[in-house]
Amino acid sequence: MNSEVTLRPFDLADLDDFYVWASDDRVSAWCGWDTYTSKEDLLNYMKSHVLPHPWMRAICYHGRPIGSIFVTPYKGNDRCRCELGYHLASQYWGKGITTKAVKLVLGTVFRDFEDLERVEALVDVDNVGSQKVLEKSGFSKDGVLRRFWILKGKVKDMVLYSFISTDPLV
Ligand SMILES: CC(C)(COP(=O)(O)OP(=O)(O)OC[C@H]1O[C@@H](n2cnc3c(N)ncnc32)[C@H](O)[C@@H]1OP(=O)(O)O)[C@@H](O)C(=O)NCCC(=O)NCCS
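Since the structure is predicted, the reported quantities are computational estimates derived from the model, not experimental observations.

Reading the values: the criteria
Residues numbered from 1 in each chain as written. Predicted model: local features only at pLDDT ≥ 70, side-chain atom pairs only at ≥ 80, totals over all residues. Heavy atoms only, no water. Near = heavy atom within 4 Å. Polar contact = N/O pair within 3.5 Å; in protein donor to acceptor, adjacent residues only side chain to side chain. Areas by Shrake-Rupley, 256 points an atom, 1.4 Å probe, with all protein chains shown as cover. Helix = DSSP H or I, 4+ residues; strand = E, 2+ residues; numbered from the N terminus. Nonpolar A, V, L, I, M, F, W, Y, C, P; charged D, E, K, R; others polar. Salt bridge = Lys/Arg side-chain N within 4 Å of Asp/Glu carboxyl O. Buried < 20%, exposed > 50% of the residue type's maximum accessible area, 1.4 Å probe, protein only.

1. Details of the site of the ligand
Part 1 of the reasoning: Contacts to the ligand come from 20 residues, most closely from G94, G96, T99, N127 and K136.
Part 2 of the reasoning: At a separation of 3.4 Å, an oxygen atom of the ligand approaches a polar backbone atom of K95.
Part 3 of the reasoning: The separation between an oxygen atom of the ligand and a polar side-chain atom of K132 is 3.0 Å.
Part 4 of the reasoning: Here the ligand loses 71% of its free accessible area of 950 Å² to cover by the protein chains.
Part 5 of the reasoning: The set of elements that each furnish at least two residues to the shell around the ligand consists of strand 4 (81-88), helix 4 (97-112) and helix 5 (128-136).
Part 6 of the reasoning: Top contributing element to the shell around the ligand by residue count: helix 5, with six residues.
Part 7 of the reasoning: Residue composition of the shell around the ligand, grouped by class: nine nonpolar, eight polar and three charged.

As structure tokens, then:
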């Protein structure tokens, strides 16, 4: 698995691969965005958000993009923190690919951002697969944020996880 999973920046030629998971209801079910039904809309999103993003990478399996992973740094006095997120095409779920990708991120991100001390992730209390990814990657559970956001019209509790720079890479 180790060398089969790699990370790299996106480019617009990845549109067709990106569309595979962006158009998948099983992936968007846990996310704030709606399932894409048009490649043109996705192309516009890639131009406006993916390419300019400070740290977003394609999760590649044998060189082909099958998902995305990103860290969004906070600013000002919060610049010691960033938020981690990820999505994987559903046909590849359950193979340990996202766990490997998260470990790759943790191995580089503290060098990539000066002052970064903490990577945090917010996961729906019902998104057990994502919670397992974080726990297998060495994250600690900080607590549950009750009634924290609205997912597809439903108010949800979220689990807050963190990994700090001195935590051991597993
Ligand atoms: C969450 C997601 C990224 C996980 O990716 P993945 O590559 O399948 O994750 P991994 O294989 O590394 O690990 C998943 C683990 O959770 C387990 N799992 C998955 N769904 C589960 C469920 N409903 N209940 C219990 N365990 C579950 C898997 O068996 C695996 O554990 P194992 O290694 O002990 O067998 C993927 O399901 C996804 O893209 N989901 C939709 C988007 C999303 O939820 N993003 C995160 C928002 S916070």
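2. Brief notes about the pattern of salt bridges
Part 1 of the reasoning: Going through the model one piece at a time under the given rule, you end up with 12 salt bridges.
Part 2 of the reasoning: Its salt-bridge partner being K39, residue D16 comes within 3.0 Å of it at the nearest N-O pair. One end of the pair, D16, is in helix 1 (residues 15-22); the other, K39, is in helix 3 (residues 39-50), and 23 residues separate them in sequence.
Part 3 of the reasoning: Here R81 and D78 are joined by a salt bridge, their closest N and O atoms 3.3 Å apart.
Part 4 of the reasoning: The exposure class of R81 is partly exposed, given its relative accessible area of 22%.
Part 5 of the reasoning: One network of salt bridges, in which partners are shared, links D78, R81, R118, E120 and D142.

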